[in-house]
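# Understanding the architecture of this molecule
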Amino acid sequence: MHVELKNQRQLNTLVKVLEESKFRFLCPKCLRGFSTSTLLYRHFRQKMDLIHQGLDSSRHDFDLFIYCYQACMGPSITATNIPSVPRCFEISYIIQHHGEGTESLDSQNSDHVQAYIPKSYTVLRNFVVPVYYDVQPRGYNQKNATILSQRRVRHLQKLHDEDVEARIRALLPEVENWLSGTLRLPKDISHDPGNITPSVDVDRQLVPVRDLLYRGYGSFALIRTSRDVLSPQNISKAVYTVLKVDGPGFIGTQKVAVGESILVKNQVILTAGLILLISVSPAVVVGGGMT
Ligand SMILES: [Zn+2]
């Protein structure tokens, strides 16, 4: 208690010192001080990484803004409890809330770590991927399966389903060579766009996996990341199923493993080394039995 009081007193003094200084705002990413919001925003625009660009995007892309702000500040920040800009960049607010929530992550939530922040991002403007459509309904043998209520699942929640995950992992050895051949890594790194998409039809080989994930006529995409990239724009709200992990293996803030599926509701950062089946369907079956 004594130590806490001492710490609190020192913190109060420090906040006062900062408030009396010429700085009014802090960049939540690098914690640099700025005297006006104009200078702060100029700093965001001068930095080329996605987090700084995202901090500048509250007016035109609020989802990206929240994602980047949360990546800097910690998991307890949500779209509803954040003060409006530029108040959320004021020194006292940043000092009080920076890192909040990281102390209390319980074991149940242990895979929800602080947002993975790669050193450099590839922000692909108008990143669209080829989308394929089912010619026949999928999941015909899943008539009695529980359908996932997507509205009750939060952004980046894993659709836990041990049975499906095990069956996907069992299917993968058969398609592994095909996957790496279809999604060939570029030989010349300087021409590496960060994402690799198929140039051939991928319907047939992915039928067994899709049959496990959903029922009915769906649409889907297949991508491989060779750099940290922002997920594609044209299929950003979808179920992302992991077919391969090389590297850190993050989808947004979630660490993912082969076979797992996760519901993504808006654009997130995908780390390098992932192969993902992205699917949109009328009836998601994977994770439907979650309580
Ligand atoms: Zn900064």
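The structure presented is a predicted model; accordingly, all values stated were derived computationally and were not measured.

Glancing now at the pairing of strand S9 (residues 238–245). Most of S9 is tucked away: six of the eight residues are buried. The pairing of S9 with strand S12 (residues 261–264) spans four bridges and is classified as antiparallel. Within S12, the position partnered with Ala238 by the bridge is Val264.

Next up on the list: the UniProt feature "transmembrane region" (unreviewed entry) in the chain. Taking the numbering used here, the UniProt-annotated feature "transmembrane region" (unreviewed entry) corresponds to residues 268–290. Here residues 268–290 is 0% helix and 48% strand, with 24 Å between the C-alpha atoms at its ends.

Let us now look at helix H4 (residues 62–73). Between its first and last C-alpha atoms H4 spans 16 Å; for 12 residues at 1.5 Å apiece the expected length is 16 Å, and the two agree. The element H4 is largely enclosed, with a buried count of 10 among its 12 residues. For H4, the complete set of buried residues consists of Leu64, Phe65, Ile66, Tyr67, Cys68, Tyr69, Gln70, Ala71, Cys72 and Met73.

This paragraph deals with the pairing of strand S14 (residues 274–280). Counting buried residues in S14 gives six out of seven residues, a clear majority hidden from the surface. As judged from the six bridges shared by strand S7 (residues 219–225) and S14, these two strands associate in the antiparallel manner. Following the sheet pairing, Leu222 is matched in S14 by Leu277. With six bridges joining them, S9 and S14 adopt antiparallel strand pairing. Counterpart to Val245 in the pairing with S14 is Leu274.

Before going further, it helps to spend a moment on the UniProt feature "domain: C2H2-type" (unreviewed entry) in the chain. In this structure's numbering, the residues bearing the UniProt feature "domain: C2H2-type" (unreviewed entry) are residues 25–57. Here residues 25–57 runs as 48% helix and 12% strand, with 17 Å between its end C-alpha atoms.

The step from Val85 to Pro86 runs through a cis peptide bond, and the omega angle for that step is 0 degrees. Its place among the elements puts Pro86 in the loop between H4 and helix H5 (91–97). Despite not being glycine, Leu31 shows a phi value in the positive range, around 60 degrees. Residue position: Leu31 is located in the loop between strand S1 (25–26) and strand S2 (33–34). Positive phi outside glycine occurs at Leu156, with the angle close to 70 degrees. Relative to the helices and strands, Leu156 is located in the loop between strand S3 (132–133) and strand S4 (157–158).

Bringing the nonpolar core into the picture now. If you look at the biggest cluster of nonpolar residues, it comprises 53 residues, and the most contacted ones within it are Cys68, Leu276 and Ile278. Looking at this core, you find at least three residues from each of domain 1 (2–104) and domain 2 (132–284). When residues no more than four places from it in sequence are discounted, the contact partners of Leu276 are Ile223, Tyr240, Thr241, Val242 and Leu243. Leu26, Phe34, Leu40 and Phe89 belong to the second-largest nonpolar core, a separate cluster that totals six residues.

Glancing now at the environment of Asn12. Inspection of the secondary structure assignment puts Asn12 in helix H1 (residues 2–20). Residue classification places Asn12 among the exposed positions, given that 10 C-beta atoms sit within 10 Å.

Thresholds applied
Residues numbered from 1 in each chain as written. Predicted model: local features only at pLDDT ≥ 70, side-chain atom pairs only at ≥ 80, totals over all residues. Buried ≥ 20, exposed ≤ 12 C-beta atoms within 10 Å, placed from the backbone. Helix = DSSP H or I, 4+ residues; strand = E, 2+ residues; numbered from the N terminus. Pairing = 2+ DSSP bridges. UniProt positions renumbered as here; feature names shortened; annotations may be inferred. Expected span 1.5 Å × (residues − 1). Core = buried A, V, L, I, M, F, W, Y, C linked by C-beta atoms within 7 Å. Domains from an automatic or database assignment. Contact = placed C-beta atoms within 7 Å.

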